[in-house]
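Observations on the model geometry
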Amino acid sequence: MPSFAGAFTALGELAYGGAQVSASVIDLDSDERVLSIDDRIVLPTASVGKILLLIEVSARLSEQAAPALEVLDKTPKDAVGDSGLWRHLQARSLPLADVATLVGATSDNLATNVLLREVGLDAVRERTEALGLMRTALLDLVRDTRGPDDAPQLSVGSTAELAWLFASLARGQVVDALTSSRVLGWLSLNTDLSMVASAFGVDPLSHRGVDHGLQLVNKTGTDSGVRSEVGVLRGPRRGIAYAVSVQFSDRSIASRLRVLEALRAVGFDLLEYVH
């Protein structure tokens with residue numbers, strides 16, 4: 001049985017260097033928590049919190065409270081920089097399901113704000129609480145700058161809750177099987193494999209199928225001094241749900257690379273466990 005020694009060492013070195021680290025891994029077959037490192041502390045998770053928005057959108061589609069082909073418009077009030085494609089596209093309007101696809105594939109910030117305008121942050125919070133998540137939340141819409149009256153982070157979460165959430169999605173238990181499957185479908189298009197998933201060797205632009213016995217669905221969060229990832233990895237031997245978050249002083253490229261190397265080390269241990 002893999003010991004996760006590499007993950008403990010890598011994250012421990014970051015912690016000794018002043019970073020806050022948290023990790024949780026759940027075996028999908030036994031439901032055993034096979035790795036737990038400060039997994040109940042609440043850390044900023046950046047775009048990881050968009051999962052909660054996608055769950056609310058998917059639930060509304062399942063309840064037929066919103067049609068998948070309902071057309072949503074982008075407006076100047078939704079405009080924001082950084083991740084995503086829609087702000088670079090000429091299309092001013094897209095079907096709701098396509099907007100959610102952009103969030104899953106590229107963590108699209110503009111698409112996130114359009115969906116939040118459609119469903120409301122309060123509804124996302126109510127859904128989050130109904131799922132039993134007490135330390136995990138999407139706090140705000142995406143902003144280029146955060147003022148004193150804005151939430152200090154886009155989202156926060158504990159890795160214990162986030163790993164549980166992805167395990168529940170994998171088992172079809174978040175709202176219902178259809179809702180869970182739709183969320184996983186959107187996230188299976190995610191193109192960011194720069195953190196934990198960088199160790200898995202799958203194609204960043206095409207990994208919806210099984211590749212060398214591996215199947216991955218993940219979501220990442222990146223902000224200044226924040227790197228967070230949550231996902232499900234299935235292999236020939238086992239399947240796992242995992243969540244890892246690091247908050248650090250992003251004072252140099254060397255500091256950032258140390259964090260990414262540590263996250264990759266965690267990924268190698270996860271790969272050994274499932275493969």
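The structure reproduced in this document is the subject of the present report. Everything numeric here is computed off the predicted structure, so don't read it as measured data. Residue positions are given per chain, counted from 1 along the sequence in the order it is written. Only residues with pLDDT of 70 or above have their local features reported here, since the model is predicted, and side-chain atom pairs are shown and tallied only from 80 upward, although totals for entire chains, interfaces and linings are computed over all residues. To get the side-chain values, all heavy atoms of the structure are used, and hydrogens and water are removed first.

This paragraph deals with the packing of aromatic side chains. Geometry of aromatic contacts follows a simple scheme: Phe, Tyr and Trp rings, the Trp one being its six-membered ring, pair when their centres are within 6.5 Å, and the pair is stacked under 30 degrees between planes, edge-to-face over 60, tilted otherwise. Scanning all chains against the criterion turns up two aromatic pairs. Against the face of tyrosine 273 rests arginine 238, its NZ or CZ located 4.3 Å from the ring centre. Geometrically, a lysine NZ or arginine CZ counts as sitting over a ring once it is within 6 Å of the ring centre and also within 35 degrees of the ring normal.

A few words now on the sheet that holds strand β7 (residues 155-157). In spatial order, the strands read β3-β7-β6; together these three strands make up an open sheet with antiparallel pairing. A strand with exactly one partner marks an edge of an open sheet, and here the two such strands are β3 (43-44) and β6 (137-138). Paired strands, as defined in this entry, are two strands with at least two bridges between them according to DSSP. Each helix is a run of DSSP H or I of at least 4 residues and each strand a run of E of at least 2, with the numbering of both proceeding from the N terminus. Across two bridges, the pairing between β6 and β7 is antiparallel. Its bridge partner being in β7, leucine 138 is matched across the sheet by serine 155.

Here the focus is helix α7 (residues 177-187). Buried residues are those whose accessible area, probed at 1.4 Å on protein chains only, stays under 20% of the maximum for their type, while exposed residues exceed 50% and partly exposed ones sit between those limits. Looking only at α7, the buried set comprises Thr179, Ser180, Val183, Leu184, Gly185, Trp186 and Leu187. In the core, the buried residues of α7 are packed alongside α2 (50-62), α3 (96-106), α6 (159-170) and β8 (215-223). Two N or O atoms count as a polar contact when they lie within 3.5 Å, although within protein this holds only if one can serve as hydrogen donor and the other as acceptor, and sequence-adjacent residues are included solely when both atoms are side-chain atoms. Its side-chain oxygen at 3.3 Å from the backbone nitrogen of leucine 178, aspartate 176 defines the N-terminal cap of α7. Throughout, a residue-residue contact means that at least one pair of heavy atoms, one from each residue, lies within 4.5 Å.

Where β8 meets strand β9 (residues 226-234), nine bridges bridge the pair, whose relative direction is antiparallel. Bridging from a neighbouring strand, asparagine 218 pairs with glycine 231 of β9. Taken together, β8 and the strand that follows it, β9, pair antiparallel across an intervening segment of two residues, in which glycine 225 is found at a positive phi of about 75°.

Our focus in this paragraph is the sheet that holds strand β10 (residues 239-247). The sheet built from five strands is open, its strands ordered β2-β1-β10-β9-β8 with antiparallel pairing. Unpaired on one side and paired on the other, β2 (33-37) and β8 mark the two borders of the sheet. Neighbouring strand axes in the sheet, compared pairwise and without regard to direction, differ in orientation by 5° on average. Packing of helix α8 (residues 253-274) onto the sheet brings it into contact with β1 (20-27), β2, β9 and β10, and relative to β10 it is tilted by some 165°. As a rule, the C-alpha atoms of each element are fitted with a line to give its axis, helices using only the stretch in contact, and angles between N-to-C directions run from 0 to 180 degrees.

Let's shift gears to the pairing of β2. Two elements, β1 and β2, share four bridges in a ladder whose sense is antiparallel. Bridging across to β2, valine 25 finds its partner in leucine 35.

Residue placement: serine 228 occurs in strand β9. What makes serine 228 buried here is its relative accessible area of 1%. As for serine 228 and valine 246, which are separated by 18 residues in sequence, their C-alpha atoms are 6.2 Å apart. Residues in contact with serine 228, not counting those within four places in the same chain, are Thr45, Val48, Met195, Lys219, Thr220, Gly221, Val244 and Ser245.

This part takes up unusual backbone geometry. Even without being a glycine, aspartate 31 presents a positive backbone phi close to 65°. Tracing the backbone through its elements, the reader meets aspartate 31 in the loop between β1 and β2. Despite not being glycine, aspartate 38 has its phi angle at roughly 45°, a positive value. Tracing the chain through its elements places aspartate 38 in the loop between β2 and β3.

Read these as spatial facts, not as claims about activity.
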